[in-house]
Amino acid sequence: MLKMSLSLCSPNYYVLDDGAGLGRVFDGVGGLSGGGATSRLLVNYEEPYRGQILDYLFKPNFGASLHILKVEIGGDAQTTDGTEPSHMHYENDENYFRGYEWWLMKEAKKRNPNITLIGLPWAFPGWVGHGKNWPYDFPDITAAYVVNWILGAKQYHDLDIQYVGIWNERNYDSKYIKMLRYTLDKNDLEGVRIIASDNLWEPIALSLLLDPELSTAVDVIGAHYPGTTTVPDALKTQKALWSSEDYSTFNDEVGGGCWARILNQNYINGLMTATISWNLVASYYDKLPFGRDGLMTAEEPWSGNYVVESPIWITAHTTQFTQPGWTYLQTVGHLAQGGSYVSLTDGKGNLTVVIETMTHNHSVCVRPPLPKFNVTSQNATFQLKGSFVSIKELHVWRSQFNFKTKKPVFFEKQTPLTVMNGSFTLNLAEDEVYTLTTITTGQKGSYPDPPPSACFPKVYKDDFNVRNPPFSEAPDFADQTGVFEYYNNLTDPGPHTFTLRQVLTERPITWATDADQTISVIGDYEWENLTVTCDVFMESVRTGGVFIAARVDKGGQSIRSTNGIFFWVFADGTYKVTNDLAGQAVLAEGQSGTRAYGWHTLSLTVTGPLASGMLNGYPLWKNAVVLNPKNGWAAIGTHSFELAQFDNFAIVAQ
């Protein structure tokens, strides 16, 4: 219950004042699509459900109302949960219609024309490194590759990219940062700002202090999962400090508590003026790494089901009542009995205060470890001073996690709070979030319930006969390594004019545990007994090889150690059946008569502990004993990074 008070004697007494100056400028709250194909399934939703999901994410005064959208500049490589295609598979190749990030940015812009757009490459095509798994030995090539993406965004999609990040697992490269700045400026992109190192506070912060040219090139220091703190050198640079990737936590109520705590305390403890969630929306197969680590969940395009999770409404507590360009007050901090408060103003008389009282065990993020602290129920008296002293009423929005009753209430509008003599008192319970604001436009948007959750269809077919596909990837296929794109060979009309083609011929540059083989998974991870059928076409004479698979048990950055039942055929006229993607655990092998540049139909049937395979309608091998894994996805793939085509894919599961 809200209480009004005239008392200024409470030990829990907090001043909200702009009279002594203001803090740092607020840059916004955002979500991150990418870092591993995390929006892969979203594009396959049918309307109206896809539009509803996008509204919950981006529509102002409706749901999360995000200020920032950060996307992966696809690099043809596994970067956590899958692979996103590059705009330049090869040095002489440019295509600015691959993937779905262009579409997503345009949809975000439709809903919020002022949204900030950021691009960051997590990986690169192999040609950028000239044979090395490192993209920065030739900084002019890498800079041109990234700038081409920014230019393509404007030329082909009318998208203005405002920031570009620089990230790698080992370190940053100062020569590359300077070259990127030079290349941006040379292409009339002076307004595009650089975030570096988009990973760690150090050593970039110290380098900026020691290198004036580097400091001129960098606009923002970005850190990943900073644990709400920064370092002295970063503060000394006077650069904007961002938590440029954060959260990464299962989106149940504890995940919502994590998000509530860091949205406030990233600024209070670390003066970070933007926080970006990895990921935007959990729209990838649940059994891939970091399942359901998005602000909301949309992983069933075949059913239309999606779930608006608690982080959406926790985000709204900040985003619906502030905008980038607002300014933090200097009067922000921790509450006496635990929790925190931030206050922001637009400089025109408006004030927004966000308070969180999340307890330790109900606000743990996946990383970094959270030190122990205590939060207890408390009364908190706030005194408005400076230009806010004349405020007579504040609108109130409240979320109560209610972990004991397990009946949470999120983003509920309360009776406006009357401020008397510039003072008011709140009775704050544990695990609550409040927004007190002069802004009147907040709204808890809603749609009718989406369709109920349903398993992936047990009977599934795709002949890939799409003349002008809206996206380069076929529905529901989740590329783990390699890139499988629609291929329309209209110069060769026939039964296989429209196919799905693996297009990479060189291993990309990636930090993840990559595989030498390419693989794309699809279906229900719980499948045990099923038949997978597909027409295959090898394009590498003598060295080519392709497979279909069942019970594939791993994906994402663990793809190298994947097990399952893999039925391979090769262009040298042989076949092999293995229990692993690496092809080392051989269950059967022999002659197949398969060759490159001819279509072959493969069929794999797995029932209980036995697997059998057919080639072109005739049994090739049977009753191979497979004890493990017991279940997993279906899949297609190639023996190496090589050109190969797939058609008439079908699954029948029991």
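Residues numbered from 1 in each chain as written. Predicted model: local features only at pLDDT ≥ 70, side-chain atom pairs only at ≥ 80, totals over all residues. Heavy atoms only, no water.

Asker: Quick rundown of helix α8 (residues 253–270)? Include the residues and the values.
Answerer: End to end, α8 covers 25 Å across 18 residues, agreeing with the expected 26 Å (1.5 Å per residue, within 8%). Considering bend angle alone, the principal kink of α8 is centred on Asn264 and spans about 35°. Of all 18 residues that make up α8, 15 are buried, and the element is covered over most of its length. Where α8 begins, the side chain of Asp252 points an oxygen toward the backbone nitrogen of Val254, at a separation of 3.2 Å. Immediately downstream of α8, the backbone of Leu271 shows phi near 55°, a positive value. (Helix = DSSP H or I, 4+ residues; strand = E, 2+ residues; numbered from the N terminus. Expected span 1.5 Å × (residues − 1). Bend = angle between axes of the 7 residues up to and from the residue. Buried < 20%, exposed > 50% of the residue type's maximum accessible area, 1.4 Å probe, protein only. Polar contact = N/O pair within 3.5 Å; in protein donor to acceptor, adjacent residues only side chain to side chain.)

Asker: Could you give me a rundown of the packing of aromatic side chains, with the residues and numbers involved?
Answerer: Summed over all chains, the structure comprises 47 aromatic pairs. Ring geometry for Trp167 and Trp511: centres 6.1 Å apart, planes at 80°, overall edge-to-face. Of this pair, Trp167 sits in the loop between β7 (163–166) and α4 (174–186) while Trp511 sits in the loop between β27 (498–502) and β28 (518–522), and the two are 344 residues apart along the sequence. Take Trp511: its relative accessible area is 31%, and that puts it in the partly exposed class. (Phe/Tyr/Trp six-rings, centres within 6.5 Å; stacked < 30°, edge-to-face > 60°.)

Asker: Talk me through the packing of helix α2 (residues 101–111) against helix α3 (residues 139–157); I want residue IDs and the actual numbers.
Answerer: Where α2 contacts α3, the axes come no closer than 12 Å and their chain directions differ by 60°. Taken as axis vectors, α2 and α3 run oblique relative to one another. Read as a crossing pair, α2 and α3 show a hand that is right-handed. Contacts from Trp102, Met105 and Lys106 in α2 reach Trp149, Gly152, Ala153 and His157 in α3. (Axes fitted to C-alpha atoms, helices over the stretch in contact; angles between N-to-C directions. Parallel < 35°, antiparallel > 145°, perpendicular 65-115°, else oblique. Left-handed = near helix turned anticlockwise from the far one by under 90°. Contact = heavy atoms within 4.5 Å.)

Asker: Describe the pattern of salt bridges, with residues and values.
Answerer: For the structure on display, the rule yields 19 salt bridges. Between Arg50 and Glu47 there is a salt bridge, with the nearest N and O atoms lying 3.5 Å from each other. Put simply, Asp55 and Arg111 hold a salt bridge, and the shortest N to O gap is 2.6 Å. Of the two residues, Asp55 sits in helix α1 (residues 49–58) while Arg111 sits in helix α2, which places them 56 residues apart along the sequence. (Salt bridge = Lys/Arg side-chain N within 4 Å of Asp/Glu carboxyl O.)

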